[in-house]
Amino acid sequence: MADAHKLEILRGLIKFKSNTQKIWGVLILLSIITAVEVVLGIYKPESLMSKVVGMKILNWIFIILTIVKAYYITWDFMHMRDEVKALRRMVVWTAIFLICYLIFILLQEGGYIETVYSSGFVKRDF
């Protein structure tokens with residue numbers, strides 16, 4: 001049972017014959033996602049600069065792609081795919097909750113600090 005790793009990625013869309021091929025496949029997938037992030041970060045297309053839910057679309061794309069990379073690193077390199085369902089859910093849902101909480105805190109504090117710098121006075125006192 002120790003060698004019974006699942007040898008596919010992208011929900012079975014791409015299948016591999018060995019663990020080595022799967023590792024290279026995941027590495028290539030993560031490299032492509034990183035390359036897309038780098039290209040978007042360098043060129044910053046004007047069409048992605050409009051705001052949605054208080055943040056630029058480009059920033060949302062960066063957040064989503066980073067979460068996808070974290071998911072595949074955890075899922076394949078930390079072998080969460082082969083673990084018991086309850087353990088997978090505990091790890092993945094805890095991480096998702098903490099990431100969402102971090103995004104909320106960063107948006108709240110960033111908005112407050114931007115308001116203080118732009119208006120020159122404290123809007124609310126904690």
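Definitions and cut-offs
- Residues numbered from 1 in each chain as written.
- Predicted model: local features only at pLDDT ≥ 70, side-chain atom pairs only at ≥ 80, totals over all residues.
- Heavy atoms only, no water.
- Axes fitted to C-alpha atoms, helices over the stretch in contact; angles between N-to-C directions.
- Helix = DSSP H or I, 4+ residues; strand = E, 2+ residues; numbered from the N terminus.
- Parallel < 35°, antiparallel > 145°, perpendicular 65-115°, else oblique.
- Left-handed = near helix turned anticlockwise from the far one by under 90°.
- Contact = heavy atoms within 4.5 Å.
- Nonpolar A, V, L, I, M, F, W, Y, C, P; charged D, E, K, R; others polar.
- Phe/Tyr/Trp six-rings, centres within 6.5 Å; stacked < 30°, edge-to-face > 60°.
- Buried < 20%, exposed > 50% of the residue type's maximum accessible area, 1.4 Å probe, protein only.
- Core = buried A, V, L, I, M, F, W, Y, C linked by side-chain atoms within 4.5 Å.
- UniProt positions renumbered as here; feature names shortened; annotations may be inferred.

Peer 1: Sorry, what's going on with the packing of helix H1 (residues 19–43) against helix H2 (residues 57–77) here?
Peer 2: Axis angle and axis distance: for two packed helices, these are the angle between their axes and the distance between the axes, and together they describe the pair. At a closest axis distance of 10 Å, the pairing of H1 and H2 adopts a crossing angle of 165°. Of the possible angle classes, the one that applies to H1 and H2 is roughly antiparallel. The chirality of how H1 crosses H2 is left-handed. In this structure, H1 contributes Lys-22, Ile-23, Val-26, Leu-27, Leu-29, Leu-30, Ile-33, Thr-34, Val-36, Glu-37, Leu-40 and Gly-41 to the contact, and H2 contributes Leu-58, Ile-61, Phe-62, Leu-65, Thr-66, Val-68, Lys-69, Tyr-72, Ile-73, Asp-76 and Phe-77. Per-class residue counts for the contact of H1 with H2 are 16 nonpolar, 3 polar and 4 charged.

Peer 1: Explain the packing of aromatic side chains to me, please; I cannot follow it from the model alone.
Peer 2: One pair of aromatic rings is described through two measures. These are the centre distance and the angle between the planes. Following the criterion strictly, the structure yields 2 aromatic pairs and no others. Centre to centre, the rings of Tyr-71 and Tyr-72 are 5.1 Å apart; their planes meet at 85°, and the pair counts as edge-to-face. Exposure remark for Tyr-72: the relative accessible area of 8% places this residue in the buried category. Ring geometry for Phe-97 versus Tyr-101: centroids 6.2 Å apart, planes at 10°, classification stacked.

Peer 1: I keep staring at the nonpolar core and nothing clicks. Help me out?
Peer 2: Within soluble globular proteins, side chains that are nonpolar tend to cluster in buried spots. By size, the foremost hydrophobic cluster in this structure holds 8 residues: Ile-9, Phe-16, Val-26, Leu-29, Leu-30, Ile-33, Leu-65 and Tyr-72. Those elements that provide at least two residues to this core are H1 and H2. A per-element tally of this core places H1 first, with 4 residues.

Peer 1: Is there a simple way to think about the UniProt feature "transmembrane region" (unreviewed entry) in the protein in this case?
Peer 2: Here the UniProt feature "transmembrane region" (unreviewed entry) sits at residues 23–45, 57–78 and 90–107. Regarding residues 23–45, the helix share stands at 91% and the strand share at 0%, and the terminal C-alpha atoms are separated by 32 Å. As annotated, residues 90–107 has a helix share of 100% and a strand share of 0%, and its two end C-alpha atoms lie 26 Å apart.

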